[in-house]
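# Tertiary structure, described
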Amino acid sequence: MTNLLPIGQFAQASGLTVTALRHYDASGVLPPARVDPESGYRYFRRDQVRTAQLIRVLRQLDIPIEQVRGMLAHAEAGADLAPALAAHLKAAEDRLAVQRGLVHGLLTRLSDGAEMNHRVTVRESGAERVLVRGATLKNSGLDEFLRTAFQDMYAVAGRGPLTFTGPAFVRYHGVCDEENETLVEACLPFWEDAAQPTDLPEGMSVLDLPESAFACTEVSGPAAEFPAILTAYDAVADWISSHGFAFAGPVRLVYRRWTGTADDPGNRFEIAWPIEEPAQGAP
């Protein structure tokens, strides 16, 4: 017992509360070295103090308890925790950047209104034939998917070669952020009366889209970056609702000018939402 500390003293040494120590015992993260069979009182080894201190800091970093358990197991096996901590810090910084952008956009919208910063127009588009590849994902996987999808589709188009009839675009069937995953479709429009694609790889197909009217706005520079661009989507949706139109399909992100780098100020995108007149008698 000389090498053991009762839970109260161990709590003082580690900076954890007695309640937290009981919780970490129950979750298997920090079991005591001995439990008195009669009183149920917990005792910890002195060399467990450093482990408890590490747990305290990891939890202060908002690392989930399951991840803490795994990190401790790796540390006990001699693994370096630095890469895992660096990855956690990078993810936290990315989340903070997104939250900062969302707050800035919300404050701008509350003060000016989204429509004040985005001019919405209507354009007509004929029927289109597109090469398409889709995936269901969150925003964190979006850039990699689109990069790979368009590379594969341009390779297929080059074998035709296909005659493009307009810029590439992406169709979003729902909200794509870190809280929601949705179907995302990368699209290349091509002339249906010329060469047609052959030997399509798995997951790639040809889709015929009907003619449609679109409510549109354009964004460029910082306004075209995520999450600032979400304000443009909101502005178009608000315009459609306030002008009495019906939503007629998934919204498009059209690459009017694309430099190849997501945060390049030279990028120019169009947000284009298919619309139609509401049916007679619709509420």
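Let me sum up the structure you'll find in this document. All of these numbers come straight from a predicted model, not from anything done at the bench. Counting restarts for each chain, with residues numbered from 1 along the sequence as it is written. Where totals are concerned, whole chains, interfaces and linings use all residues; where local detail is concerned, this predicted model gives features only for residues with pLDDT of at least 70, and gives and counts side-chain atom pairs only at 80 or more. Heavy atoms from the whole structure form the basis of all side-chain values; hydrogens and water molecules are not counted.

## Remarks on the sheet that holds strand β1 (residues 4-6)
Stated formally: A pair of strands is labelled paired if DSSP reports no fewer than 2 bridges between them. Strands here mean DSSP runs of E at least two residues long; helices mean DSSP runs of H or I at least four residues long; both are numbered from the N terminus. For this analysis, residues touch if any pair of their heavy atoms sits within 4.5 Å. Where helices are involved, their axes are fitted lines through C-alpha atoms of the stretch in contact, as for all axes, and angles between N-to-C directions lie from 0 to 180°.
Judged by pairing direction, the sheet is antiparallel, and its 3 strands sit side by side in the order β1-β3-β2 without closing on themselves. The open sheet terminates on both sides in strands that have one partner only, identified here as β1 and β2 (34-35). Bridging between β2 and strand β3 (residues 42-45) involves 2 bridges; their strand directions are antiparallel. Counterpart to Arg34 in the pairing with β3 is Tyr43. Docked against the sheet, helix α1 (residues 7-14) engages β1 and β3, running at close to 95° with respect to β1.

## As for the layout of surface pockets
Stated precisely, the cut-off is as follows: Every definition here rests on a 1 Å grid over the protein atoms only: cavities are sets of points where a 1.4 Å probe fits but cannot get out, pockets are open sets enclosed by protein on both sides within 12 Å along at least five of seven lines, and lining residues have some atom within 4 Å of a point. Grid points are joined across faces, edges and corners, and a volume is the space filled by probe spheres set on the points. Polar here means any residue outside two lists: the nonpolar Ala, Val, Leu, Ile, Met, Phe, Trp, Tyr, Cys and Pro, and the charged Asp, Glu, Lys and Arg; Gly therefore counts as polar.
Roughly 1,600 Å³ of internal volume is contained in the largest pocket. Lining the largest pocket are 44 residues, and of these Asn139, Leu142, Asp143, Tyr172 and Phe226 lie nearest its centre. Counting only elements with at least two residues in the lining of the largest pocket, the list comes to α5 (82-112), α7 (142-159), α8 (230-242), β11 (251-257) and β12 (268-276). It is α7 that provides the largest number of residues to the lining of the largest pocket, a total of 8 residues. Broken down by class, the residue content of the lining of the largest pocket amounts to 25 nonpolar, 8 polar and 11 charged.

## Remarks on the nonpolar core
Stated precisely, the cut-off is as follows: Nonpolar cores were defined as sets of buried Ala, Val, Leu, Ile, Met, Phe, Trp, Tyr and Cys residues, with membership established by side-chain atoms within 4.5 Å. When a residue's accessible area, from a 1.4 Å probe over protein chains only, is under 20% of the maximum for its type it is buried; when over 50% it is exposed; and in between it is partly exposed.
Membership of the largest hydrophobic core comes to 39 residues, with the highest contact counts inside it found for Leu146, Phe150, Tyr172 and Val184. When residues of this core are traced back to their parent elements, those giving at least two are β5 (128-137), α7, β6 (169-172), β7 (182-190), β9 (212-220), α8, β11 and β12. Among the elements that take part in this core, α7 stands out by supplying 8 residues, more than any other. The residues contacting Phe150, other than those within four sequence positions of it, are Ala168, Phe169, Val170, Ala186, Cys187, Leu188 and Tyr255. Counting residues in each nonpolar core, the second largest holds 21 residues, with Ala11, Ala20, Leu21 and Ile65 among its members.

## Regarding the pattern of salt bridges
Selection rule: Think of a salt bridge as a Lys or Arg side-chain nitrogen and an Asp or Glu carboxyl oxygen that are within 4 Å of each other.
Under the counting rule described, the total for this entry stands at 12 salt bridges. Between Arg42 and Asp25 there is a salt bridge, and its shortest N-O distance comes to 2.7 Å. Note that Arg42 is positioned in strand β3 and Asp25 in helix α2 (residues 18-26), a separation of 17 residues in sequence. Under the relative-accessibility criterion, Arg42 is labelled partly exposed at 21%. One salt bridge in this structure joins Arg123 and Glu270, with 2.9 Å as the shortest N-O distance. Of the two residues, Arg123 sits in strand β4 (residues 121-125) while Glu270 sits in strand β12, which places them 147 residues apart along the sequence. On the accessibility criterion, Arg123 (23% relative accessible area) is partly exposed. You can call Glu270 buried: its relative accessible area is 6%. The structure contains a network of salt bridges with shared partners spanning Arg123, Arg256 and Glu270.

## Some details on the side chain of Arg171
Position of Arg171 relative to the elements: it lies in strand β6. A residue is classified by how much of its surface remains accessible, and Arg171, at 12% relative accessible area, is buried. The residues contacting Arg171, other than those within four sequence positions of it, are Leu183, Val184, Glu185, Cys187, Leu207, Leu209, Pro250, Val251 and Arg252.

## Overview of the pairing of β11
Among the 7 residues of β11, 5 are classified as buried, and the element is accordingly described as predominantly covered. Here 4 bridges tie β6 to β11, and the two strands are oriented antiparallel to one another. The partner of Arg171 across the bridge, within β11, is Arg252.

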